[in-house]
Amino acid sequence: MTRVSRRGRVTIAVLVVVFLLFTLFDRVVGAWTDYLWFSEVKYPQVFTGVLTTRIWMFLIFGVAVGLIIAVNLYLAYRTRPLLRPHSAEQHALDRYRLFLLPHMTGWIILAAGLIGLFSGLSAQGHWQEWMLFSNSTPFGRTDPQFHVDLSFYVFEYPFWRYLLGVAFTAVVFSLIGALALHYLFGGVRLQGAGERMTAAARAHLSALVAVFVLLKAAAYFLDRRGLLLDKFPTQELYGAGYTNINALLPAKEILAWISIVVAIAILVFSNAFMRNLVWPGLALGLLALSAVAVGGIYPAAVQSFTVKPSQLQKESPYFQHAIDATREAYGLTEVKVEPYAADNTSPPKSLLDGSDVTVNNIRLLDPAVVGETYTQQQQVRGFYEFSPKLDIDRYTIKGKTQDYIVGVREINYNQLQQNNWQNRHSVYTHGYGFVAAPASQVVCSGQPFYVSGFLRDATKQDDKPGECSSEEDLIPVEHPQIYYGEQMGDVYAIVGKSKASDRNAEFDRPIGGNGSTSNGDQYSTYDGSGGVAVNTFWRRLLYAAYFREANFVLSGVLNDNSKVLYQRDPATRVRNIAPFLTQDSDPYPAVVDGKILWIIDGYTTSATYPYAQKLNWNTAIQDSSTAGRVFPEPRQDVNYLRNSVKATVNAYTGEVTLYAFDESDPVLKTWNKAFGGKLVKPRSAISQSLMDHLRYPEDQFKVQRDLLSRFHVTTPEGFFSGQDFWEVPKDPANSTADQPPYYLVAKLPGQESARFQLTAAMVPRKRGNLAAIMSASYVNGQPRFQVLELPANTAIQGPNQTHGTMTSIPDARKELTQFSSQNSDVFYGNLLSLPVANGMLYVEPIYLKAKNESTFPRLQKVLVAYGPKYLAYADDLASGLEQLVKQVTGQVPVPPTDNNQNPDPGQTDNPPRTPQVQEAVAAMNKAIADLKAAQQSGDFDAYGKALKALQDSIGRYEDAVKAAGATPSAGASPGAPASPGASPSVSTQPPAG
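What you see is a predicted model; the values in this text were computed from it and never measured.

J.: What's the story with the overall build of the chain in this structure? I'm lost.
T.: Across its full length, the chain carries 26 helices and 34 strands. Split into buried and exposed, the 993 residues of the chain put 53% on the buried side. If you take every contact in the chain between residues at least 6 apart in sequence, the share linking residues at least 24 apart comes to 68%. Of the roughly 44100 Å² of accessible surface on the chain, a fraction of 56% belongs to carbon and sulfur atoms.

In structure tokens:
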């Protein structure tokens, strides 16, 4: 072999050093800045705890795996035969031996080191499993099969499984490496006379194979517990069924003992008696055959011939285990199910007299629609922006508690006119104002009535002060500046001035004139506790490297008092401090004791709770309110859920506080113990003012709603039949996604007083009528989940049926078509299903928006219905409710719809098939097809044209039938065309906006 020259070795060394500098430099800079950030938020134990755990796991597993492989490679080298028989095979291997022998120790260290390095890198990614394993907290409950505390499955089982995987990896690589060296140095031969394998090689390799088989035995024993996490073969349930318990469980134990016997046989027969690999090979073949027969064929036969013919009888106990475990794992054991007859179909007078709390607080503003309204009306400057989906919270103002649509005015940095580095990071550093409007009130042609968050000190609205907005700020805050918010992204802010007499440099808000001149701008300087000091050259150099921005050391913006605020998204801050939490997807702002706080619900989850239903978290929380996500979330399997933490982030200081909301949760106890016991504050630290703004979390409700669609059935017989299963209805405004739940202040049947609660309607599976109303709320800080179950034979319409009926009111259908044809977009708000006066009241607001950038959605119309018969289409809610009540007494006629029009007795079933009639029928069919296509695409212009074409074709059809001497159907309408049988029907509700 040609030796590398000295210059070549130096070049290689320099390249290696440069490579290490580039690969390690970013990690060192990142770790240093992370430590400074965690110190700023006062959670350094999280940084040090995670970092030290990952380092120790990297070292322990990397060294252990590398050492095992190195020992086996060295053993294979040391036991090589001194004399090798002459053969072509050995001559061919000489060149490789000559290459390796001079530096054999180095090659062994290199090979073992590389495998150990990758093993260590893999191990440090499993730091959460080790922390749970080493800090396990008992559940105090056992599984129904082995009667082992559930903590074994949640905290210990995943780590044991990983440990077995590492052991298999080390043994397999050791076996491959040892076999390669034994072959290279003649311990194992394929050619030549005599033994094919030396005694030393045989002992070494057989020992490794025996260890592998013993590990397989351990895996079989562990698999016995893992059966409780398996899936039923024929039902959408998880856990061990009849076949698993009565066939697969004993099979796993048998295979484990067979593996132990095989491992002993390999060692004994290979080295003590036969001294060859024939019997060990037979033993391994026996193990494989046993695995197929005992672990595969036998359970399959039991499933086919014993379970399948009488599945309910055989599986009932295991169905019950799965039902009970699922309800326990997801916190459904305390769900209160009450019957609700909903047999009152006549609107009561209490809809008008103000005696019904639910009616008084009906929410008209939809937070998913009015976000654009807030932005257009409350931005003043083009760079201000509200979240597209606003939030809902309740406030008590002037003695009245009601829900408010709330949002904070943040900066959209992409809309800055001069988007240079200094403006982006040191001038426009924050948003301004907490804006709120009552959810049940609209003013000034369909606008929200704003009560807080105004930019000016004097008149808050130039037009109609006191009518279109409150004359004073009804939700005052100490620091209206928003330095930490959802729109901040990865934009950092540099704040602070060198001395108090210096000019303020941060744009605060426009205050004078019309807000368009610099003379009307107010500037400020941040004086909060947030941020990391960058008051020295070395700190600036550090952050110049971290942000890859040379201005940190070149710009005159920074001074001796400068601080940098970064990672300003509230969800990111909580995720860094509590990486073990699954966060609710909808953080919301609240004013608590004069401070703007972001409130984030944190969940502790697990995927190894025995017998509990497993689901994909990111799929379970999907509905029409989350359908706009650009990137799909990675799969996250869970089968245990607790809303164990309430987190707050101060919008001014960035301070993060974690509160234990469910102090009985063993998973939270374990994580808190892992980080020193002081990571999470006790529940008693939650002030009453904060407790008043905590709400039942939306994502948890969605998951529980999805599960209760099946697991409200608590008997194996009912679950097996599936006749009583429910499903989430599709959103009437977006038929491709589920209807989202909605927050409202209401007093539902069985409740002592009005509550701020999350509510949703359910329908029977594959049917449209109403099945149940679910609601979840907090009462005295404790969660309450209520289900109002309607009779199975109810004729009460579900949300989509009601939407279709209301939009088929002639006046509504006509005006909505006109709106869409007049360059306006129609938006449907949340359709609220409200149990009122032992009946069902439905309310659906309708918003209009002109098709240009300077307009915003305004609430223009309201659809209301009570029961299956009484409907109204009105300018406002009060008028709609009044129409409903007057329809009962006959003062106002019930509007006709496609569902309640009576057919004409003289309708001709089979009109003559003249060419004119057939041509008209063909035109009707084409118009109906165009109408359906317009509905699906949401194209209002095409919808209006198709509707007019359908009406014209119906007129042509009637004329053709009369000309043929027959009597057409009177009062034909687009929804029910007089058709000779070949014409399909179509729903003519306008497409959702």
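J.: Just checking my understanding: could you explain empty space enclosed by the protein for this structure?
T.: Where empty space is left becomes clear once a probe the size of a water molecule has been rolled over the atoms. A full pass over the atoms with the stated rule returns two cavities of 30 Å³ or more. In this structure, the largest cavity occupies an estimated 60 Å³ of space. Contributing to the lining of the largest cavity are F386, S387, K389, L390, D391, V406, G407, V408, E410, E486, P589 and W598. Here the lining of the largest cavity takes three residues from strand β4 (residues 400-408), the largest share from any one element. Residue composition of the lining of the largest cavity, by class: six nonpolar, two polar and four charged.

J.: Quick question: what am I supposed to make of the sheet that holds strand β7 (residues 434-438) here?
T.: In sheet architecture, strand pairing relies on hydrogen bonds along the backbone and comes in two forms, parallel and antiparallel. Across the sheet, which stays open at both edges, the three strands sit in the order β3-β4-β7 with antiparallel pairing between neighbours. Each having just a single partner strand, β3 (391-397) and β7 make up the two edges of the open sheet. On average, each strand axis in the sheet is tilted by 45° relative to the strand beside it, whichever way the strands run. The pairing of β4 with β7 spans five bridges and is classified as antiparallel. Opposite Y404, over in β7, you have P438 as the bridge partner.

J.: I would appreciate a short explanation of the packing of helix α2 (residues 44-78) against helix α4 (residues 104-124) in the present structure.
T.: Two quantities define a packed helix pair, namely the angle between the axes and the distance from one axis to the other. Interaxial distance between α2 and α4 falls to 7 Å at its minimum, and their mutual angle equals 150°. It follows that α2 is roughly antiparallel to α4 by the angle criterion. As α2 runs across α4, the sense of the crossing is right-handed. For the pair α2 and α4, contact is made by R54, M57, F58, F61, G62, V65, G66, I69, A70, L73, Y74 and Y77 and by M104, I108, A111, A112, I115, G116, L117, S119, G120, L121, A123 and Q124, respectively. Its residues placed into classes, the contact of α2 with α4 shows 17 nonpolar, six polar and one charged.

J.: How do you make sense of the state of the cysteines when you look at a structure like this?
T.: Note on terminology: disulfide describes a covalent bond linking the sulfur atoms of two cysteines. For the structure shown, the criterion picks out one disulfide. Sulfur-sulfur distance for the disulfide between C444 and C468 comes to 1.8 Å. Since a negative S-S torsion denotes a left-handed disulfide, the C444-C468 link at about -100° is left-handed. Of this pair, C444 sits in the loop between β8 (442-443) and β9 (447-448) while C468 sits in the loop between β9 and β10 (481-482), and the two are 24 residues apart along the sequence. Under the relative-accessibility criterion, C468 is labelled buried at 1%.

J.: So what exactly am I meant to see when it comes to the pairing of strand β18 (residues 595-606) here?
T.: Looking down a regular strand, the side chains alternate between one sheet face and the other. Among the 12 residues in β18, 10 count as buried, and that is most of the element. In this sheet, β18 lies alongside strand β16 (residues 582-583) in antiparallel orientation, the contact comprising two bridges. From the neighbouring strand, Q583 faces β18, where its bridge partner is G602. As paired elements, strand β17 (residues 588-592) and β18 share five bridges and run antiparallel to each other. By the bridge assignment, V592 is partnered in β18 with K595. Pairing geometry for β18 and strand β21 (residues 640-650), over nine bridges, is antiparallel.

J.: Explain the pairing of strand β26 (residues 742-746) to me, please; I cannot follow it from the model alone.
T.: Within β26, five of the five residues are buried, which leaves the element mostly enclosed by the surrounding structure. Every second residue of β26 is oriented toward a common face, with Y742, L744 and A746 on one face and Y743 and V745 on the other, all of them buried. Where β26 and strand β27 (residues 755-764) come together, five bridges link them in antiparallel fashion. Considered in β27, the bridge of A746 is made with R755.

J.: What am I meant to see in the side chain of Q235 here?
T.: Examined against the element boundaries, Q235 turns out to sit in the loop between α7 (199-226) and α8 (242-273). On the basis of relative accessibility, which here comes to 15%, the residue Q235 falls in the buried class. Excluding its chain neighbours within four sequence positions, the residues that come into contact with Q235 are Q311, F319, F719 and F720.

The rules behind each value
- Residues numbered from 1 in each chain as written.
- Predicted model: local features only at pLDDT ≥ 70, side-chain atom pairs only at ≥ 80, totals over all residues.
- Heavy atoms only, no water.
- Helix = DSSP H or I, 4+ residues; strand = E, 2+ residues; numbered from the N terminus.
- Buried < 20%, exposed > 50% of the residue type's maximum accessible area, 1.4 Å probe, protein only.
- Contact = heavy atoms within 4.5 Å.
- Areas by Shrake-Rupley, 256 points an atom, 1.4 Å probe, with all protein chains shown as cover.
- 1 Å grid on protein atoms, 1.4 Å probe; cavity = no way out; pocket = protein on both sides within 12 Å on 5 of 7 lines; lining within 4 Å.
- Points joined across faces, edges and corners; volume = space filled by probe spheres on them.
- Nonpolar A, V, L, I, M, F, W, Y, C, P; charged D, E, K, R; others polar.
- Pairing = 2+ DSSP bridges.
- Axes fitted to C-alpha atoms, helices over the stretch in contact; angles between N-to-C directions.
- Parallel < 35°, antiparallel > 145°, perpendicular 65-115°, else oblique.
- Left-handed = near helix turned anticlockwise from the far one by under 90°.
- Disulfide = S-S within 2.5 Å.

None of this, on its own, says anything about what the molecule does.
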